[in-house]
Amino acid sequence: MNSEPHRSQLAALESRGRLRRLITRSGRDFASNDYLGLSSDPIIGQAVADAVGRGVPVGSGGSRLLRGNAPEHEGLEAKAAAFFRTEAALFMANGLLGNMALLSALPQRGDLIVADELIHASVHDGIRLSKAAAVFARHNEAQSFADLIAAWRAEGGKGRVWIAVETLYSMDGDMAPLADLAEIAARHDAMLLLDEAHATGVFGPAGRGLSTGLDGLHNVISLHTCGKAMGVEGALICGPRLYVDYLVNRARPFIFTTAPSPLMAVAVSAALDRIESADDHRQRLTLLRQDAAEAICAPLGLPSPRSQIIPVILGKDSRAMAAAGALQQAGFDVRGIRPPTVPPGTSRLRVSLTLNIGRADVVALGEALRRVLA
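Residues numbered from 1 in each chain as written. Predicted model: local features only at pLDDT ≥ 70, side-chain atom pairs only at ≥ 80, totals over all residues. Heavy atoms only, no water.

Peer 1: Got a minute to help me understand the nonpolar core in this structure?
Peer 2: Counting residues in hydrophobic clusters, the biggest one holds 64 residues, and the most contacted among them are F30, L236, L349, V351, V362 and L365. Each of domain 1 (25-41 + 278-373) and domain 2 (42-274) accounts for three or more of the residues forming this core. Discounting chain neighbours no more than four positions away, the residues touching F30 are F332, D333, V334, R350, V351, S352, L353, I357, D361, V362 and L365. (Core = buried A, V, L, I, M, F, W, Y, C linked by side-chain atoms within 4.5 Å. Buried < 20%, exposed > 50% of the residue type's maximum accessible area, 1.4 Å probe, protein only. Domains from an automatic or database assignment. Contact = heavy atoms within 4.5 Å.)

Peer 1: Whenever I open this one, the sheet that holds strand β7 (residues 220-225) confuses me. Can you help?
Peer 2: Note: strands within a sheet are paired through backbone hydrogen bonds, in either parallel or antiparallel orientation. With mixed pairing, 7 strands are arranged side by side in an open sheet as β2-β8-β7-β6-β5-β3-β4. Looking at which strands have only one partner, the edges of the open sheet turn out to be β2 (88-92) and β4 (133-137). Strand-to-strand, the axes of this sheet are offset by a mean angle of 20°, without reference to chain direction. Note that β2 and strand β8 (residues 235-239) share 5 bridges and pair antiparallel. Within β8, the residue paired with L90 across the bridge is I237. Taken strand by strand, helix α5 (residues 121-129) contacts β3 (112-116), β4 and β5 (161-166), and its axis lies near 155° from that of β4. (Pairing = 2+ DSSP bridges. Helix = DSSP H or I, 4+ residues; strand = E, 2+ residues; numbered from the N terminus. Axes fitted to C-alpha atoms, helices over the stretch in contact; angles between N-to-C directions.)

Peer 1: What am I meant to see in the packing of aromatic side chains here?
Peer 2: Two measures describe an aromatic ring pair: the distance that separates the ring centres and the angle between the ring planes. The final tally for this structure, using the stated rule, is 3 aromatic pairs. Between F30 and F332, the ring centres sit 6.3 Å apart and the planes meet at 55°, which makes this aromatic pair tilted. With F30 in the loop between β1 (28-29) and α2 (42-53) and F332 in strand β10 (residues 332-333), this residue pair connects regions lying 302 residues apart in the sequence. Note on F332: relative accessible area 4%, which makes it buried. With 4.8 Å between their ring centres and 85° between their planes, F83 and F84 make a pair best called edge-to-face. One exposure class covers both F83 and F84, and it is buried. (Phe/Tyr/Trp six-rings, centres within 6.5 Å; stacked < 30°, edge-to-face > 60°.)

Peer 1: Got a minute to help me understand the side chain of S144 in this structure?
Peer 2: Within the secondary structure, S144 sits in helix α6 (residues 142-154). For S144, a relative accessible area of 4% gives the class buried. Only 3.0 Å separates the side chain of S144 from the backbone nitrogen of R138, close enough to count as a polar contact. Not counting the four nearest positions on each side in its chain, S144 is found in contact with A137 and R138. (Polar contact = N/O pair within 3.5 Å; in protein donor to acceptor, adjacent residues only side chain to side chain.)

Peer 1: It is not clear to me how the domain arrangement of the protein chain should be interpreted in this structure. Could you clarify?
Peer 2: Where interface size is given, it is often the accessible area lost as the parts come together that is meant. The domain boundaries assigned to the protein chain delineate domain 1 (25-41 + 278-373) and domain 2 (42-274). The centre of domain 1, based on its C-alpha atoms, is set 26 Å off from the matching centre of domain 2. Across the domain 1 to domain 2 interface the summed buried area is about 2000 Å²; carbon plus sulfur atoms make up 54%. Counting every contact that joins domain 1 to domain 2 gives 2 salt bridges. The partner of R348 in a salt bridge is D172, with the nearest N and O atoms 3.2 Å apart. The interface formed by domain 1 and domain 2 holds 13 residue pairs in polar contact (both at pLDDT 80 or more) in total. Taken together, the elements giving at least two residues each to the side of domain 1 that touches domain 2 come down to α11 (279-300), β9 (309-315) and β12 (347-352). (Buried area = accessible area lost by both parts, 1.4 Å probe. Salt bridge = Lys/Arg side-chain N within 4 Å of Asp/Glu carboxyl O.)

Peer 1: What exactly am I supposed to notice about helix α8 (residues 241-250) here?
Peer 2: Side chains that are three or four residues apart share a direction in an α-helix, a result of its 3.6 residues per turn. The set of residues buried in α8 consists of Y243, V244 and L247. Projected onto a plane normal to the axis of α8, the buried residues spread over an arc of 100° and lie on a single side. Away from its buried face by more than 90 degrees, α8 exposes L242, N249 and R250. (Arc of directions from axis to C-beta.)

Peer 1: In this structure, what is going on with the packing of helix α4 (residues 95-105) against α5? I would like to understand it.
Peer 2: To characterise two packed helices, one gives the angle between the axes of the helices and the distance between these axes. Where α4 contacts α5, the axes come no closer than 7 Å and their chain directions differ by 35°. Pair α4 / α5 crosses with right-handed handedness. Facing G95, L96, N99, M100, L103 and S104 of α4, the residues of α5 in contact are S122, V123, D125, G126, I127 and L129. Considered class by class, the residues forming the contact of α4 with α5 number 6 nonpolar, 5 polar and 1 charged. (Left-handed = near helix turned anticlockwise from the far one by under 90°. Nonpolar A, V, L, I, M, F, W, Y, C, P; charged D, E, K, R; others polar.)

Peer 1: How do you make sense of the UniProt feature "domain: Aminotransferase class I/classII large" (unreviewed entry) in the protein chain when you look at a structure like this?
Peer 2: Here, the residues flagged by UniProt with the feature "domain: Aminotransferase class I/classII large" (unreviewed entry) are residues 29-355. Spanning residues 29-355, this segment combines 40% helix with 17% strand, and its end C-alpha atoms are found 9 Å apart. (UniProt positions renumbered as here; feature names shortened; annotations may be inferred.)

Peer 1: Please explain the pattern of salt bridges as it appears in this structure.
Peer 2: Oppositely charged side chains may form a pair once their charged atoms are brought near each other. As enumerated under the stated definition, the model contains 16 salt bridges in all. With its nearest N and O atoms 3.0 Å apart, the salt bridge here joins R28 to D361. Note that R28 is positioned in strand β1 and D361 in helix α13 (residues 359-373), a separation of 333 residues in sequence. In this structure R28 comes out as partly exposed when scored by relative accessible area, which is 31%. The partner of K79 in a salt bridge is D273, and the shortest N-O contact between them spans 2.9 Å. One end of the pair, K79, is in helix α3 (residues 71-83); the other, D273, is in helix α10 (residues 262-276), and 194 residues separate them in sequence. Take D273: its relative accessible area is 38%, and that puts it in the partly exposed class.

This is the structure:
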């Protein structure tokens, strides 16, 4: 067996400062997506314990289209559709599979996908499986989306357009121009695919996300992942019943996978209740963001953060990883982010604000950052 290609590729990654290794969590949490601190929430935990007590199984036993469809799945989907104010919802194992299902199944041959150039890797994976053509718009520039659609129509494109964006970008912490994109979608009879992964729970009334106000429209489908601010696991695709039914029939990432645990459906249902009543958590996170603006961003010459995600762009892979290592040694769990997760030349520290830390931790990290980056 010739293993040399794999060995040489790993060696090349290491020489460029891009070899990845698993690191056990330790230190103060500035790395996770547990924005509201709900991953260890006792109310969610008790809901799962109660479900175990009444005999809800740990495993689903099969795909949803075989014997894996449990009452807990269907109950969650009905609850999620009501919560996010859409006709229907579909529970997926995670956000990666959710995006792959959406992009691989819904756009048809002859359609056009227009995605933001910085959109998540899972959307790229879905596009590779799609029969539709795809182009990438300049990041958060609504006019770029409009221009690409107009150019495609001018060249004879006659199918449907699918606009795909993250509402809140996971590596930059900035937000999509949703109002402008909604207007473009309406003008071109296009569908909007909105990945709310990092906004669900944190933004919008009752934590419904940044797409609040667009929810329920016939041309909007949103993806709400459950493993970030909701503190649990899975993803909810929310939108018109027609498209949810189509996914059940045509989306390979849904059809050919074992259904999520019924216990996780119980956990997600409890997490929906928690984020609905978590205005106090969101207010505390807003205050932490203000603390970070003063203690981290201002001293480093960075703009005040609009969200709980603060990128500290350092450029070189080696510099980002050295800085992350130094911060970890000092007791701060801050991770370095390198290509291909971010564009070449933009390696960074991704500082994530969560309710697992407090103001004193933010101030201490600001001081450590100044020392490390001096």
